[in-house]
Amino acid sequence: MNKAVFIDKDGTLIKNVPYNVDLERIALENRVVEALSMLQQNDYLLIVVSNQGGIAKGYFNEKQLMKANAHLAGLLAASDVFIDAFYYCPHHPDGVIADFAKKCNCRKPAPGMLLQASQELQIDLKNSWMIGDNLNDVEAGHLAGCKSVLYDVGNETEWVMNRFRKPDYKTSNLLKAAAMICEVKYENIEEHEPAPESL
Ligand SMILES: [Mg+2]
Ligand SMILES: [Zn+2]
C-alpha cells in the first residue's frame, strides 16, 4: 500500500486566482517546492485534488484545465518535484453546462476524489494526509479517513464548523506542514537550508 499527501490546487499549491486557467497567472505558493520535495523524499505520493466548478459554470473547459495542470506540473518538475496524479471535480450544482451541472460525490467537502485515488493508486488513507486552504479540504480529508492540514493563509472566511472540519494541524507555512507530516524537526531544516525568501 502507498501513502499519499492529497493537495488542493488553488490557494494551496498555487496563488489563489479564482477560476484561472491563464498560464501567465499561475504562480507557486510560498515554500511549495521545499515542502513537496520533502514529502516526495519520504515516499508520499503527491496527488492534486481540485474542485473545478468553473467547468460546470462555463468559464473554461477541460482542455484548458489540462493545459493549466500541465504547466503547473512543469513548474514543479523544474525543481524535481513530480505530481503523481491530478484529480478534479468539474461539477457544480449551479452550473450551466448540462453534463456538469449537478450534485456529485467528488466536489469537496465530499471525499470522492480521494476515494477514487485510493482505489486507483492503492493508497492507505489512514496513513495519508490532505492539505488545503479551506475547511472543505479538511472535511474531505477526514471523510476519506485521512488526517488533514489547514493551510491557513486567510482564504477560509466562513469557518462553518462540524466535527469533520477541525484540522489536525494548522499553519501558514507549507514546509512546516511537510515537516510535521514527515516527523522532521522544522528548526533543523531551517538551520541547514535557509529559505530563499528569508535571505
Ligand atoms: Mg483552495
Ligand atoms: Zn464532482
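Residues numbered from 1 in each chain as written. Chains lettered and ligands numbered in written order. Predicted model: local features only at pLDDT ≥ 70, side-chain atom pairs only at ≥ 80, totals over all residues. Heavy atoms only, no water.

For the protein, the name recorded in an unreviewed UniProt entry is D,D-heptose 1,7-bisphosphate phosphatase, with Filimonas lacunae as its organism. Turning to the protein, the UniProt annotation filed under Sequence similarities (unreviewed entry) states: "Belongs to the gmhB family." Annotation of the protein in UniProt includes, under Subcellular location (unreviewed entry), the sentence "Cytoplasm". (UniProt positions renumbered as here; feature names shortened; annotations may be inferred.)

Caption draft 1: Seen up close, the pairing of strand β3 (residues 85–89). Side chains A85, Y87 and C89 project from β3 onto a buried face, and the interleaved F86 and Y88 project onto a face without burial. Two strands pair when backbone bridges link them, and strand β2 (residues 44–51) and β3 are joined in this way by 5 bridges, in the parallel orientation. Each residue of the ladder has a partner; that of V49, found in β3, is Y87. (Buried < 20%, exposed > 50% of the residue type's maximum accessible area, 1.4 Å probe, protein only. Helix = DSSP H or I, 4+ residues; strand = E, 2+ residues; numbered from the N terminus. Pairing = 2+ DSSP bridges.)

Caption draft 2: Representation of the UniProt feature "site: Contributes to substrate recognition" (unreviewed entry) in the protein. The UniProt record annotates "site: Contributes to substrate recognition" (unreviewed entry) at R107. Structurally, R107 can be placed in the loop between β3 and α4 (112–120).

Caption draft 3: Up close: the UniProt feature "site: Stabilizes the phosphoryl group" (unreviewed entry) in the protein. Sequence positions flagged by UniProt for "site: Stabilizes the phosphoryl group" (unreviewed entry) are, in local numbering, S50 and K108. The largest pairwise C-alpha distance within this set of annotated residues, which runs over 59 residues, is 8.0 Å, so the set is compact in three dimensions. The residues contacting S50, other than those within four sequence positions of it, are K9, D10, Y87, Y88, C89, K108 and M113. Separated by 2.6 Å, the side chains of S50 and Q52 make a polar contact. Locating K108 in the fold gives a position in the loop between β3 and α4. Leave out the neighbours within four places in its chain, and K108 touches D8, V49, S50, N51, M113, M130, N136, D137 and A140. (Contact = heavy atoms within 4.5 Å. Polar contact = N/O pair within 3.5 Å; in protein donor to acceptor, adjacent residues only side chain to side chain.)

Caption draft 4: Fine view of the coordination of the zinc ion (ligand 2). Binding of the zinc ion (ligand 2) to the protein goes through C89 (SG), H91 (ND1), C104 (SG) and C106 (SG), at separations of 2.0 to 2.3 Å. For the zinc ion (ligand 2), the 4 donor atoms are set out with angles of 102 to 118 degrees between them, so the coordination reads as tetrahedral. Each donor residue of the zinc ion (ligand 2) belongs to the same chain, and together they define the spacing C-x1-H-x12-C-x1-C. Considered together, C104 and C106 belong to a single accessibility category, that of buried residues. (Donors = N, O, S within 2.8 Å, 3.2 Å for Na, K, Ca; no water. Tetrahedral: all angles 85-135°; square planar, octahedral: opposite > 155°, others 65-115°.)

Caption draft 5: Inspection of the coordination of the magnesium ion (ligand 1) at higher detail. The coordination sphere of the magnesium ion (ligand 1), as far as protein atoms go, consists of D8 (OD), D10 (O) and D133 (OD), spread over 2.2 Å. Each donor residue of the magnesium ion (ligand 1) lies on the same chain, and together they follow the pattern D-x1-D-x122-D. An identical accessibility class is assigned to D8 and D10; each is buried.

Caption draft 6: Molecular detail of the side chain of E29. Note that E29 resides in the loop between β1 (3–7) and α1 (32–41). For E29, a relative accessible area of 12% translates into the label buried.

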